[in-house]
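The residues making up each chain are set out below.
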Amino acid sequence: MAGNTVFAGEMNTLVELFKDTITKNASSENEKTPVSLGQKFVKRIDIGGGEDLEGRLISLSVAKYIMRYDRDVLANGTKYYITDQDGDFQINSVNLFGSQRNKFIELKCSKRGE
């Protein structure tokens, strides 16, 4: 993270955190079921992208999210995924930055299923 300052107005993207749990269906088979961990306001930073020879935009399925400190997300974040307006993003790494009262978590994510 270049600067350690994140202002409240920058955290303007509403996302929902999910984790998959194993449940048994009617025929006693295991299946993954998403469980919501709640909605949070985050700062989204799109990473990469470019243009092809004809000028069309090529987007990379990678994003970085900055959120306020959450002990559970810091400990188990790589088991969770984020849903926002562009789809589902798997959390690949979780980094803590800031100090004392201004703690934030940086989540590096990639699009699920790609």
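Just so we're clear, the structure is a prediction, and the values are computed from it rather than from any experiment.

**Q** Could you clarify how one ought to interpret the packing of aromatic side chains in this entry?
**A** Remark: the centre distance and the inter-plane angle together describe each pair of aromatic rings, the angle taken between the planes. For the structure shown, the criterion picks out three aromatic pairs. Measuring from ring centre to ring centre gives 5.5 Å for phenylalanine 18 and tyrosine 81, while their planes differ by 15°; the resulting arrangement is stacked. Of the two residues, phenylalanine 18 is situated in strand β1 (residues 13-24) and tyrosine 81 in strand β6 (residues 80-84); the sequence distance between them amounts to 63 residues. The same class applies to phenylalanine 18 and to tyrosine 81, which are both buried. Where tyrosine 65 meets phenylalanine 89, the ring centres are 6.1 Å apart and the plane angle is 70°; that geometry is what we call edge-to-face. Placement of tyrosine 65 in strand β5 (residues 62-68) and of phenylalanine 89 in strand β7 (residues 87-99) is noted, with a sequence separation of 24 residues between them. Accessibility expressed as a relative area gives 2% for phenylalanine 89, which makes it buried.

**Q** For this particular structure, what's the right way to read the nonpolar core?
**A** In a soluble, globular protein the nonpolar side chains are often hidden away together inside. Formed by 15 residues in total, the largest nonpolar core has its most connected members in Tyr65, Met67, Ile82, Ile91, Leu107 and Cys109. For this core, the elements supplying multiple residues, two or more each, are β1, β5, β6, β7 and β8 (102-111). Tyrosine 65 has contacts with Val15, Val42, Lys43, Arg44, Ile82, Asp84, Phe89, Ile105, Glu106, Leu107 and Cys109, leaving out every residue within four places of it along the chain. Counting five residues, the second largest nonpolar core, distinct from the first, contains Val6, Met11, Phe97 and Phe104.

Rules used throughout
Numbering of residues starts from 1 in every chain and runs along the sequence as written. Where totals are concerned, whole chains, interfaces and linings use all residues; where local detail is concerned, this predicted model gives features only for residues with pLDDT of at least 70, and gives and counts side-chain atom pairs only at 80 or more. Side-chain metrics rest on all non-hydrogen atoms present in the structure, leaving aside hydrogens and water. Between 30 and 60 degrees the pair is tilted, below 30 it is stacked and above 60 it is edge-to-face, where a pair is any two Phe, Tyr or Trp rings, Trp via its six-membered ring, whose centres lie within 6.5 Å. By definition, any uninterrupted DSSP run of H or I lasting at least four residues is a helix, any uninterrupted run of E lasting at least two residues is a strand, and each is numbered from the N terminus. We call a residue buried when its accessible area falls under 20% of the maximum for its residue type, exposed when it is over 50%, and partly exposed in between, using a 1.4 Å probe and counting protein chains only. Among buried residues, those of type Ala, Val, Leu, Ile, Met, Phe, Trp, Tyr and Cys that are joined through side-chain atoms within 4.5 Å constitute a nonpolar core. When checking whether two residues touch, look at their non-hydrogen atoms; a contact exists if any pair is within 4.5 Å.

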